[in-house]
Amino acid sequence: MLIDEARDDGYFADNVKLRTKQRRDRKTKPLIRCVIFDLDDTLYDCLGQRVRPAHRCAARAMVKAGLKATVEAAYCARLQAF
């Protein structure tokens, strides 16, 4: 079917109405209603759950890439620098 051809079931008209309503709803109802900043790890333990595992993964990658150290030594050095 060509784009210019009209469908008998009213699909295009209904689709345009739906998209217009969705745009209108988006204007009145924000997608993000609240943002919470947890700067000192009070609400979420970012250091324990994200930062330390990322440092350990990076230490493993550095040793695998040729760093002349153990994974534990590289990990401790990264934490001290952090």
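Residues numbered from 1 in each chain as written. Predicted model: local features only at pLDDT ≥ 70, side-chain atom pairs only at ≥ 80, totals over all residues. Heavy atoms only, no water.

*Asks:* Help me understand the overall build of the protein in this model?
*Replies:* For the protein, the count of helices and strands is 3 helices and 0 strands. Traced from its N-terminal end to its C-terminal end, the protein shows the element sequence α-α-α. The buried share among the 82 residues of the protein stands at 6%. The long-range share in the protein, meaning contacts at least 24 apart out of those at least 6 apart in sequence, stands at 17%. (Helix = DSSP H or I, 4+ residues; strand = E, 2+ residues; numbered from the N terminus. Buried < 20%, exposed > 50% of the residue type's maximum accessible area, 1.4 Å probe, protein only. Contact = heavy atoms within 4.5 Å.)

*Asks:* Sorry, what's going on with the packing of aromatic side chains here?
*Replies:* Each aromatic ring pair is described using two quantities: the centre-to-centre distance and the angle formed by the ring planes. Within this structure, the stated rule accounts for 0 aromatic pairs. Sitting over the face of the ring of Tyr75, Arg56 holds its NZ or CZ atom 3.9 Å from the ring centroid. (Phe/Tyr/Trp six-rings, centres within 6.5 Å; stacked < 30°, edge-to-face > 60°. Lys NZ or Arg CZ within 6 Å of the ring centre and 35° of its normal.)

*Asks:* When you look at the side chain of His55 in this model, what are you seeing that I'm missing?
*Replies:* Structurally, His55 can be placed in helix α2 (residues 46-64). In this view, His55 contacts Tyr75, Arg78, Leu79 and Phe82; residues no more than four positions away in its chain are not counted.

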